[in-house]
Amino acid sequence: DARLSVRYTLEAIEVRGNRRTRSRVVLRYVPFEVGDILDVDDPRVELSRYRLLGTGFFRDVQFSLRKGSRRGQVVLVIDVVERNTVIINDLWMGLSADADTRGNARPLTAYGGLDVAETNLAGTGITLGTAAGIARDQLALRVRFLDPAFLGGRWMASGTLLFNDARDFFGNANVLWD
């Protein structure tokens, strides 16, 4: 069963529909470059589509070919439909029983928090997120950063800053001890 595959020389790659996401971010997930021989049955074409959808930046991604300037040459057209990239990761709230330093019960204490992230900051593919948790006399803050292509390379960079001012089992104030 010999199958003939159709091959073209890739003259250009065109990204359309990206108003927020930079073209270089889209092209980061496409393994083809100008001058490559493109086989229309190459499984990397479909894999690239799924990788782009997997970023969460796009609601739809479609690949097509357009005639190039000469016979045997084509332009790979990548049509994307962007989606909102601000996401709520977590939302929590509740009531907690508490006691004073002498062990006497206090009224119920309310607490709450929110974790939000922008997963495509200024169209760069960088994630910047923040979270805050608040209760009586307690505060927790977190900021996180992820660059999946640090300095445009193949390395990934990630960091988290965390601040907590809270009473825990060992506490930070009014600790009871014998």
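What you are looking at is a predicted structure, and each value in this text was computed from that prediction instead of being measured. (Residues numbered from 1 in each chain as written. Predicted model: local features only at pLDDT ≥ 70, side-chain atom pairs only at ≥ 80, totals over all residues. Heavy atoms only, no water.)

A closer look at the packing of aromatic side chains
We count it as follows: Each pair of aromatic rings taken from Phe, Tyr and Trp, with Trp reduced to its six-membered ring, is defined by centres within 6.5 Å and is described as stacked if the planes are under 30 degrees apart, edge-to-face if over 60, and tilted in the remaining cases. The buried label goes to any residue with under 20% of its type's maximum accessible area, the exposed label to any with over 50%, and the partly exposed label to all in between, with areas taken from a 1.4 Å probe on protein chains only. In this analysis the charged atom, NZ for Lys or CZ for Arg, is taken to sit over a ring once it is within 6 Å of the ring centre and within 35 degrees of the ring normal.
One pass over the structure, following the stated rule, counts one aromatic pair. Ring centres of F57 and F58 lie 6.0 Å apart, and the angle between their planes is 75°; on these two criteria the pair is classed as edge-to-face. By relative accessible area, F58 is classed as buried at 2%. Above the plane of the ring of Y50 lies R49, whose end atom (NZ or CZ) is 5.6 Å from the centre.

Observations concerning the pattern of salt bridges
Where we set the bar: What makes a salt bridge here is a side-chain nitrogen of Lys or Arg within 4 Å of a carboxyl oxygen of Asp or Glu, nothing more. Helix and strand definitions follow DSSP, with helices as H or I runs of at least four residues and strands as E runs of at least two, each counted in order from the N terminus.
Here the structure, examined in full by the defined rule, presents nine salt bridges. Put simply, E14 and R16 hold a salt bridge, and the shortest N to O gap is 4.0 Å. Residue E14 is classed as partly exposed on the basis of its relative accessible area of 24%. Residue classification places R16 among the partly exposed residues on the basis of a relative accessible area of 35%. Taking the shortest distance from any N to any O, the salt bridge between D60 and R49 comes out at 3.8 Å. Of the two residues, D60 is situated in strand β3 (residues 58-67) and R49 in helix α2 (residues 43-54); the sequence distance between them amounts to 11 residues. According to the relative accessible area criterion, D60 is partly exposed, its value standing at 29%. Several salt bridges share partner residues, and in doing so they unite E14, R16, R66 and D79 into one network.

A word on the sheet that holds β3
Backbone-to-backbone hydrogen bonds join strands into a sheet, with any given pair of strands oriented parallel or antiparallel. Defined as follows: A pair of strands is treated as paired once DSSP finds two or more bridges between them. Axes, fitted as lines to C-alpha atoms, cover a helix only where it is in contact. Angles between the N-to-C directions of the axes lie from 0 to 180 degrees. Note on contacts: a residue pair is in contact if any heavy atoms of the two residues lie within 4.5 Å.
One open sheet holds the four strands; their spatial order is β2-β1-β4-β3, and the pairing between them is mixed. The sheet is open, and its two borders are formed by β2 (37-39) and β3, each paired with just one other strand. Put simply, the sheet's adjacent strands are angled 45° from each other on average, direction ignored. Note: strand β1 (residues 7-16) against β2, three bridges, orientation antiparallel. Note that in β2 the partner of R7 across the bridge is D39. Along the sheet, α2 contacts β2, β3 and β4 (73-82); its crossing angle with β3, the most-contacted strand, is approximately 150°.

Considering the side chain of D39
With respect to the secondary-structure elements, D39 resides in strand β2. Residue classification places D39 among the buried positions, given a relative accessible area of 17%. Those residues in contact with D39 that lie beyond four places of it in its chain are S5, V6, R7 and V45.

Things to note about the environment of N84
Topologically, N84 is positioned in the loop between β4 and β5 (86-96). Under the relative-accessibility criterion, N84 is labelled exposed at 55%. A sequence separation of 34 residues divides N84 from E118, and the C-alpha atoms of the two residues are 9.0 Å apart.

Describing the nonpolar core
Convention followed: Nine residue types can take part in a nonpolar core, namely buried Ala, Val, Leu, Ile, Met, Phe, Trp, Tyr and Cys, and a core is a set of them joined through side-chain atoms within 4.5 Å.
Within the largest apolar cluster, 17 residues are counted, with the highest numbers of intra-cluster contacts made by L52, F63 and I78. Every element with two or more residues in this core is listed here: β1, α1 (23-27), α2, β3 and β4. In terms of residue count, β4 provides more of this core than any other element does, four residues in total. Beyond its immediate stretch of four places on either side in the chain, L52 contacts V26, Y29, V30, F58, V61, F63 and I78.

Thoughts on the sheet that holds strand β7 (residues 127-135)
Read across the open sheet, the five strands follow the order β5-β6-β7-β8-β9; overall the sheet is antiparallel. At either end of the open sheet lies a strand with only one pairing partner, and these are β5 and β9 (157-165). When the angles between neighbouring strand axes are averaged without regard to direction, this sheet yields 5°. Strand direction decides the pairing type here: strand β6 (residues 109-118) and β7, joined by eight bridges, are antiparallel.

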